[in-house]
Amino acid sequence: MWWNFQGKTEKYTAKEIGATSWNHKGSDALSSCVLLLTIAALLYDMSYHVSAFWAKPEQILRLLNQFTFFILLVAHSLFCLCSKLRSMLRSAVPCLSWASTFNARFIIRRAQILDLPRKGLPGKAFLVACMTWPLFNSVYRSYIYLYLSGCGFGLHVVTTAVVAILFMQTWGFFVYIRYFIRMSFQRNMNLLLSFIKEHEGQLDKCKGVVACVAVDFSCYSQLCELYVLVMIPVGVLALTTNITWEYMLRATCVSEDPQSANIQHSVKLMSWSEITMAFFLTVSALGGFQVTYIWDDLSVNILHLTSERHYHFWKGLSIAVSSLTRESNSLLTTVVCSLIGIYTGLNFGSDQNVSYLSKSCVNQTYTFPCI
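The shown structure was predicted, so the numbers you read here are calculated from the model rather than taken from an experiment.

Procedures and definitions
Residue numbering note: each chain is counted from 1, following its sequence as written. For this predicted model, a pLDDT threshold of at least 70 governs which residues receive local features, and a threshold of 80 or more governs which side-chain atom pairs are given and counted, while totals over whole chains, interfaces and linings are taken from all residues. Excluding hydrogens and water, the side-chain figures rest on all heavy atoms present in the structure. Here, a salt bridge means any side-chain nitrogen of Lys or Arg that lies within 4 Å of a carboxyl oxygen of Asp or Glu. Put simply, DSSP H or I for four residues or longer makes a helix, DSSP E for two residues or longer makes a strand, and each gets a number counted from the N terminus. Each residue gets one of three labels from its accessible area relative to the maximum for its type: buried under 20%, exposed over 50%, partly exposed in between, using a 1.4 Å probe on protein chains only. UniProt positions are given in the numbering used here, feature names are shortened, and annotations may be inferred rather than shown by experiment. Multiplying 1.5 Å by the helix residue count minus one yields the expected span of that helix. Each C-beta atom gives one direction from the helix axis, and the arc is the one those directions make. The disulfide criterion is simple: two cysteine sulfur atoms within 2.5 Å. Whether two aromatic rings pair depends on their centres lying within 6.5 Å, for rings of Phe, Tyr and Trp, where Trp uses its six-membered ring; planes under 30 degrees apart make the pair stacked, over 60 edge-to-face, and the rest tilted. Counted as over-ring charges are cases with an Arg CZ or a Lys NZ within 6 Å of the ring centre that also lie within 35 degrees of the ring normal. Between N-to-C directions, angles cover 0 to 180 degrees, with each direction set by a line fitted to C-alpha atoms, over the stretch in contact for helices. Should an angle lie under 35 degrees it is considered roughly parallel, over 145 roughly antiparallel, and from 65 to 115 roughly perpendicular; all remaining angles are considered oblique. Note on convention: the crossing is left-handed when the near helix lies turned anticlockwise from the far helix by less than a right angle, right-handed when the turn is clockwise. What makes two residues a contact is simply this: any of their non-hydrogen atoms within 4.5 Å.

A. Focus on the pattern of salt bridges. On inspection of all chains with the given rule, the structure shows three salt bridges. The salt bridge partner of Asp 216 is Arg 109, with a shortest N-O separation of 3.0 Å. Taken together, the residues Asp 216 in helix 7 (residues 203-250) and Arg 109 in helix 3 (residues 104-113) connect sequence positions 107 residues apart. Residue Asp 216 is classed as buried on the basis of its relative accessible area of 11%. For Arg 109, a relative accessible area of 21% gives the class partly exposed. Notably, a salt bridge pairs Arg 141 with Glu 274, separated by 3.0 Å at the nearest N-O pair. One end of the pair, Arg 141, is in helix 5 (residues 124-148); the other, Glu 274, is in helix 8 (residues 258-286), with 133 residues separating them in the sequence.

See below:
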């Protein structure tokens, strides 16, 4: 029994929610294999690039830049893998309860809360941004690899371009999924308040419904918390390394050649676009750096509804709602990791090779490292 967008409980079958046409005996194994293959392809591509800069002191900034980019791409795939493990080993991995957020049934249950037949998908403009901005960045990255660098259409160059496009689009899709779920919960809280007002005085019944919503919201909140904990320090590190790169670039002769200056300008545009995209879309999807404000708003609204007539009911419900939230140190951890990222970017910013062309200031022969 799930709530619909009108706040009424309805019973859904696997056929009605579209699961029958997609699920079969081997669907779990097949989807797991596809997911593992995509992660393996990305890790292979990452190792291929990283190996060119590994154990080279003058390439640390470039290595850090590569790491931040690949972490951005692989994060959601790893979260999906955790979701698969949670589905297959539910009782064995209680610590992965947050991964249920990417479960198909969870997303469908969230979708029932929204009036999709009449209003369609929420945030259509945001959906367009989540699809077009990553596409622009990945296509522009491919343009640099395939054309601007002069590397041609080698197997690995083409593979790198394709992997970037596919994973960037996947990243944008999952950013929108988090926004979609957030909008569903905001609608869910309004329905929950209506239910509480309708059943005022029935404490046990209201507490039971609130607890059911709290379970789902806790999974979503933990997922967002974990994602911010990973991505914000990575974003700060990318920001710091790019700023350091800019300062070092001005102290070299790299920009004196038109070809080198053109490549540097294109790479700079791509890097800043990716950093801005990661910060802006992530914060917009969550409505901030945390989503716990949604539950806090519910607590405040319950306090506003408190009346003398059913004082003990409202007091008991308010205590129950407050007890279902948990304190988190993720913000402090994020700040500490971000400071480490800033220190790392600045500390390794000296004596670095900031040229994307192999070049001597005396010898004006340029070659792009076609890795």
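B. Inspection of the UniProt feature "transmembrane region" (unreviewed entry) in the chain at higher detail. Residues given the UniProt feature "transmembrane region" (unreviewed entry) here are residues 29-48, 60-79, 156-181 and 275-295. Measuring from the first to the last C-alpha atom of residues 29-48 gives 28 Å, for a span that is 100% helix and 0% strand. Within the segment residues 156-181, helix and strand shares are 100% and 0% respectively, and the terminal C-alpha atoms sit 37 Å apart.

C. A look at helix 9 (residues 293-305). The first and last C-alpha atoms of helix 9 sit 18 Å apart over 13 residues, in line with the 18 Å expected at 1.5 Å per residue. Buried residues of helix 9: Ile 294, Trp 295, Leu 298, Ser 299 and Ile 302, and no others. End-on, the buried residues of helix 9 take up no more than an arc of 145°, which puts them together on one face. Exposed side chains of helix 9 directed beyond 90 degrees from the buried face belong to Leu 303 and His 304.

D. Structural context of the state of the cysteines. Using the criterion set out here, one finds zero disulfides in the structure. Among the cysteines around Cys 80, which has no disulfide bond, Cys 82 carries the closest sulfur, lying 9.2 Å off.

E. Representation of the packing of aromatic side chains in the model. Under the defined criterion, the tally for this structure stands at 15 aromatic pairs. Consider the rings of Phe 79 and Trp 98, whose centres lie 5.4 Å apart with planes at 75°: the pair is edge-to-face. On the criterion of sequence distance, the pair formed by Phe 79 in helix 2 (residues 60-88) and Trp 98 in the loop between helix 2 and helix 3 is long-range, its members being 19 residues apart. With respect to burial, Phe 79 and Trp 98 carry one shared label: buried. On the numbers, 5.0 Å between centres and 70° between planes, the contact of Phe 313 with Trp 314 is edge-to-face. Its relative accessible area of 1% is what places Trp 314 among the buried residues. In this structure an aromatic cluster arises from ring pairing among Phe 126, Tyr 176, Tyr 179 and Phe 180. Above the plane of the ring of Phe 185 lies Arg 110, whose end atom (NZ or CZ) is 4.0 Å from the centre.

F. Region of the structure containing the packing of helix 2 against helix 6 (residues 155-198). As a packed pair, helix 2 and helix 6 sit with axes 9 Å apart at the nearest point and diverge in direction by 60°. It follows that helix 2 is oblique to helix 6 by the angle criterion. Once helix 2 is placed against helix 6, the crossing between them reads as left-handed. Judged by residue contacts, Phe 69, Leu 72, Leu 73, His 76, Ser 77 and Cys 80 of helix 2 engage Ala 164, Phe 167, Met 168, Trp 171, Phe 174, Val 175 and Arg 178 from helix 6.

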